[in-house]
Amino acid sequence: MPSRRRVLQGSASLAALAALMPWLPSFASVSETLLTRAIPSSGEQLPVIGLGTSRTHDVAMTDEALQPLRDVLRELVNGGASLVDTAPSYGRAEAVCGALAAEDDMRKKLFLASKVSSTGRAAGERQVQASFAALRTDTIDLMQVHNLQDTSTQLGLLRDLKAQGRVRYIGVTHYLDSAHDRLLEVLRKEPVDFVQFNYSIGERNAERELLPFCADKGIAVLINRPFQRAALFDRVKGKSLPDWVAMELGATSWAQVMLKFILANPAVTAVIPASSNPRYMADNILAGQGRLPDAAQRQRIIELFA
Ligand SMILES: NC(=O)c1ccc[n+]([C@@H]2O[C@H](COP(=O)([O-])OP(=O)(O)OC[C@H]3O[C@@H](n4cnc5c(N)ncnc54)[C@H](OP(=O)(O)O)[C@@H]3O)[C@@H](O)[C@H]2O)c1
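Worth saying up front: this structure is predicted, and the values here are computed from it rather than measured.

Caption draft 1: View of the overall build of the protein chain. Assigned secondary structure in the protein chain consists of twelve helices and ten strands. With 306 residues in all, the protein chain has 44% of them scored as buried. Across the protein chain, the fraction of contacts at a sequence separation of at least 24, relative to all contacts at a separation of at least 6, is 78%.

Caption draft 2: Summary view of the site of the ligand. As a structural note, the neighbourhood of the ligand is formed by 29 residues, with Gly 52, Tyr 175, Asn 224, Ala 255 and Ala 274 the closest of them. The element that contributes the greatest number of residues to the shell around the ligand is helix H11 (residues 278–287), accounting for three residues. The residue inventory of the shell around the ligand, partitioned by class, reads ten nonpolar, 15 polar and four charged.

Caption draft 3: Up close: the packing of helix H2 (residues 63–78) against helix H3 (residues 93–101). Relative to each other, H2 and H3 sit at 65°, their axes nearing to 11 Å. Classified by the angle their axes make, H2 and H3 are roughly perpendicular. For the element pair H2 and H3, the recorded crossing hand is right-handed. Where H2 abuts H3, its residues Leu 66, Leu 69, Arg 70 and Leu 73 lie against Val 96, Ala 99 and Leu 100. Grouping the constituent residues of the contact of H2 with H3 by class yields six nonpolar, no polar and one charged.

Caption draft 4: How the structure looks around the sheet that holds strand E3 (residues 51–52). What the eight strands build is an open sheet, ordered E3-E4-E5-E6-E7-E8-E9-E10; its pairing is parallel. Only two strands of the sheet have a single neighbouring strand rather than two, namely E3 and strand E10 (270–271). Examined bridge by bridge, strand E4 (residues 83–85) and strand E5 (residues 111–116) share three bridges and lie parallel to one another. Its bridge partner lying in E5, Val 84 is registered against Leu 112.

Caption draft 5: Region of interest: unusual backbone geometry. Phi is positive for Arg 55, close to 70°, though the residue is something other than glycine. Tracing the backbone shows Arg 55 in the loop between E3 and H2. The phi angle at Asp 150 is positive, at roughly 50°, despite the residue not being glycine. Mapped onto the fold, Asp 150 is located in the loop between strand E6 (140–145) and helix H5 (151–163). Residue Asp 150 is classed as partly exposed on the basis of its C-beta count, with 19 C-beta atoms lying within 10 Å.

Caption draft 6: The nonpolar core, seen in detail. Formed by 81 residues in total, the largest nonpolar core has its most connected members in Leu 83, Met 143, Val 195, Val 221, Met 258, Ile 262 and Val 271. Per-element tally for this core: the top contributor is helix H10 (residues 254–263), with eight residues.

Caption draft 7: Structural detail: the pairing of strand E7 (residues 167–173). Among the seven residues that make up E7, six are buried, leaving the element largely enclosed by the rest of the structure. Pairing of E6 with E7, which is carried by five bridges, proceeds in the parallel orientation. Bridging from a neighbouring strand, Leu 142 pairs with Tyr 169 of E7. Read from E6 through H5 to E7, the crossover connection turns out right-handed. Across three bridges, the pairing between E7 and strand E8 (residues 194–198) is parallel. Looking at E8, one finds that Gly 171 is bridged to Phe 194.

Caption draft 8: Broad picture of the environment of Asp 294. As for its placement among the helices and strands, Asp 294 is situated in the loop between H11 and helix H12 (295–304). Linking Asp 294 and Ala 264, residues 30 residues apart in sequence, is a C-alpha distance of 7.1 Å.

Caption draft 9: Layout of the environment of Ala 220. Structurally, the position occupied by Ala 220 is in strand E9 (residues 220–224). Overall, the presence of 25 C-beta atoms within 10 Å leaves Ala 220 in the buried class. The sequence separation of Ala 220 and Val 192 amounts to 28 residues, and the corresponding C-alpha distance is 8.8 Å. If we ignore the near neighbours within four places in the chain, the residues touching Ala 220 are Ile 39, Pro 40, Asp 193, Phe 194 and Thr 269.

Caption draft 10: Geometry of the packing of helix H6 (residues 180–189) against helix H7 (residues 210–217). Two elements in contact, H6 and H7, have axes whose closest approach is 11 Å; the angle formed by their N-to-C orientations is 15°. In this view, H6 runs roughly parallel relative to H7, as classed from their interaxial angle. For the crossing formed where H6 meets H7, the hand is left-handed. Residues His 180, Leu 183, Leu 184 and Leu 187 of H6 touch H7, and the partners they reach there are Leu 210, Phe 213 and Lys 217. A breakdown of the residues in the contact of H6 with H7 according to their chemical character gives five nonpolar, one polar and one charged.

Caption draft 11: Molecular detail of H3. Across the nine residues that make up H3, a large majority, eight, are buried. Those residues of H3 that fall on the buried side of the exposure criterion are Ala 93, Glu 94, Ala 95, Val 96, Cys 97, Gly 98, Leu 100 and Ala 101. Looking at the buried positions of H3, the neighbouring elements they touch are H2, E4, E5 and helix H4 (121–135).

Calculation criteria
Here the residue numbers are simple positions, counted from 1 along each chain's written sequence. Since the coordinates come from a predicted model, pLDDT governs what is reported: local features require at least 70, and pairs of side-chain atoms require 80 or more to be given and counted, while whole-chain, interface and lining totals use all residues. In this description a helix means any DSSP run of H or I spanning at least four residues, a strand means any run of E spanning at least two, and both kinds are numbered starting from the N terminus. Whether a residue is buried, exposed or partly exposed is read from the other C-beta atoms within 10 Å of its own C-beta, which are placed from the backbone; 20 or more gives buried, 12 or fewer gives exposed, and intermediate counts give partly exposed. Here the contact rule is simple: place C-beta atoms from the backbone, and any two residues whose C-beta atoms are within 7 Å are in contact. Only the C-beta atom matters for nearness: placed from the backbone, it must lie within 6 Å of the molecule or strand for the residue to count as near. In this classification, Asp, Glu, Lys and Arg are treated as charged, Ala, Val, Leu, Ile, Met, Phe, Trp, Tyr, Cys and Pro as nonpolar, and every other residue, Gly included, as polar. Think of each axis as a best-fit line through the C-alpha atoms, taken over the contacting stretch in the case of a helix, with angles from 0 to 180 degrees between the N-to-C directions. To sort the angles, those under 35 degrees are grouped as roughly parallel, those over 145 as roughly antiparallel, those from 65 to 115 as roughly perpendicular, and the leftovers as oblique. For any helix crossing, the convention is left-handed if the near helix is rotated counterclockwise from the far helix by under a right angle, and right-handed if that rotation is clockwise. Only strands joined by at least two bridges in the DSSP assignment are considered to pair. By convention in this section, buried Ala, Val, Leu, Ile, Met, Phe, Trp, Tyr and Cys residues joined through C-beta atoms within 7 Å make up a nonpolar core. Here, the term right-handed applies to a crossover whose path from the first strand over the helix to the second runs clockwise when the strands point away from the viewer.

Quick look at the structure:
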């Protein structure tokens, strides 16, 4: 019988092997199942790992530029995930997502989220129509008011689109700790299915009020900036991954530790790390499999990043 340590080392080497040989079939697809959590307003299950597209997906529409992003999307769906978050303000990202989603039968495997960032109803309508065109779809799964811009007008528009069946869920987003109080104000008075905000080992303000509030009120939570745009990797630069995170949590990379830390909060529905690298996508998928840290393990993780 192989020891527990040996099995964990085996899965770590499998990950390393696949990282070196990306032409091998996705290892995410042949291992454990990706965790899912219910969207409180519907009960629909959403896989806990998604994909952000800010900066990473603002590329030229050439086959050379699209190929790694196509591979990222394949890793996402082969790993059992579906959520892709984009926005009209991310340059060409929305159109890139639309082009890739239109290939094969990819669209039906995705849960597409985009945003509206306009002032005034007419401008919002124009922007949303452009999003349907860019994403090459008749239905967008989730439409969010971006950074609380003209929130009540745009939520009115999104509610009408939801009633028409063009949008399945609606929400609001922000990315700064300093906006959490404003998010709470909006959530107290506007019924929404989703809220998206920043939360990570480096930015823990949401633990105080926002996350407990969302759990209590039944609002689905998407977490952005899980790596603080990769800045969090600098905090552990040169540090090797402690044995206990592999032994106790099955984590084989720092990215997985950071994502598992976030997912350990039961108020979180899904986390959306951005990547243009299929190896990173496969790595991130692994964070949504297996065990999540308990309170004591979360404390130990905090100390690792101190
Ligand atoms: N106001 C808003 O609504 C708002 C604001 C901010 C973000 N967001 C959403 O949230 C998403 C995520 O936030 P973010 O893009 O700011 O930052 P992030 O996800 O914290 O960090 C992205 C960076 O992490 C790197 N990375 C990804 N997976 C990795 C891995 N396994 N190992 C090592 N490095 C890895 C990526 O590198 P590569 O590029 O090399 O793959 C990229 O540079 C955005 O893309 C966007 O969709 C929304």
